[in-house]
Amino acid sequence: MRWWDIEPVLELEHELFPEDAWSAGMFWSELAHARGPRATRRYVVAEDPATGRLVGYAGLAAAGDLADVQTIAAARDQWGTGLGARLLTELLRAATAFECAEVLLEVRVDNTRAQKLYERFGFEPIGFRRGYYQPGNVDALVMRLTDPAQAPTGAPETSETPETPETSENTESSESNG
């Protein structure tokens, strides 16, 4: 993800998370920590290769030997295509590159679709954060994956494979954040 991705990411963010969408400032802050020799973040986007439309994004923060999935999102028309699994795979590769022994994440207790994805990758529930998602006061399920380098890749969400969105990493070149 690069600075020019923030506007389309925000559009998708507000569509998918209307009550608790991140602000532009939050994304700018995360990207400020995603470059250089002391980078502690990895953010990626996914674009539809046919249209160039941004259809997904994901981000990870690392501190010591612990990583945290900050955000992961796929456009509704991409649900069931395996995009979420590809985004999560990229984050786990980043956690491995950061030499993290564990990866944590929070997921809404009412988001069973995402919970099933994380379980396929070996994440296990370890607790709750009451009222974590505001302003809706929705609880978060906290999940943990030990040894992300050994995580399964997670089977695609369905066997259908329409044109697969391409992901690009947080690099100088702009490929097709996800």
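Before going into details, it helps to say that this report is about the structure given with it. As a convention, each chain's residues are numbered from 1 in the sequence order in which they are written. Reporting of local features is limited, given that this is a predicted model, to residues whose pLDDT is at least 70; pairs of side-chain atoms are given and counted only at 80 or more, and all residues count toward the totals for whole chains, interfaces and linings. Values shown for side chains rest on all heavy atoms present in the structure; no hydrogens or waters enter the calculation.

## Considerations on the overall build of the protein chain
For the protein chain, the count of helices and strands is 4 helices and 7 strands. Only DSSP runs of H or I covering at least 4 residues are called helices, and only runs of E covering at least 2 are called strands; the numbering of each starts at the N terminus. The N-to-C order of helical and strand elements in the protein chain reads α-α-β-β-β-α-β-α-β-β-β. The proportion of buried residues among the 178 residues of the protein chain is 47%. Buried residues are those whose accessible area, probed at 1.4 Å on protein chains only, stays under 20% of the maximum for their type, while exposed residues exceed 50% and partly exposed ones sit between those limits.

## A few points about a nonpolar patch on the surface
Patches here are clusters of residues that have more than 30% relative accessible area and form no salt bridge, with a 9 Å joining cutoff for like charges and a 5 Å cutoff for nonpolar side chains (Val, Leu, Ile, Met, Phe, Trp, Tyr). For every accessible area listed, the method is Shrake-Rupley and the probe measures 1.4 Å; residues are considered covered only by the protein chains on display. What counts as a salt bridge is simple: a side-chain nitrogen of Lys or Arg found within 4 Å of a carboxyl oxygen of Asp or Glu. Together, Trp3, Trp4 and Trp28 make up a nonpolar patch on the protein surface, roughly 380 Å² of accessible area in all. Checked against the element boundaries, Trp28 lands in helix α2 (residues 24-32).

## Here we look at the packing of helix α1 (residues 6-16) against α2
The axes are straight lines fitted to the C-alpha atoms, using for helices just the contacting stretch, and the angles between their N-to-C directions are given from 0 to 180°. Viewed as axis vectors pointing N to C, α1 and α2 meet at an angle of 130°, and their least axial separation amounts to 10 Å. Of the possible angle classes, the one that applies to α1 and α2 is oblique. Taken as a pair, α1 and α2 cross one another with a handedness that is right-handed. Across the interface between the two elements, Ile6, Val9, Leu10 and Glu13 of α1 pack against Ala24, Phe27, Trp28 and Leu31 of α2. Note on terminology: angles under 35 degrees are roughly parallel, angles over 145 are roughly antiparallel, angles of 65 to 115 are roughly perpendicular, and the others are oblique. Handedness of each helix crossing follows the sense of rotation of the near helix against the far helix: counterclockwise by less than a right angle gives left-handed, clockwise gives right-handed. Contact criterion: two residues are considered in contact whenever any of their non-hydrogen atoms come within 4.5 Å of each other.

## Quick notes on the pairing of strand β6 (residues 138-146)
Counting buried positions along β6 yields 7 of 9 residues, so the element is predominantly enclosed. A pair of strands counts as paired when DSSP detects no fewer than two bridges linking them. Pairing between strand β4 (residues 102-108) and β6: 7 bridges, direction antiparallel. Looking at β6, one finds that Leu105 is bridged to Met143. Taken together, the 6 bridges between strand β5 (residues 124-133) and β6 define a ladder with antiparallel strand orientation. Note that in β6 the partner of Arg129 across the bridge is Ala140. Where β5 folds back on β6, the antiparallel hairpin that results is connected by 4 residues, among which Asn137 adopts a positive phi of roughly 55°.

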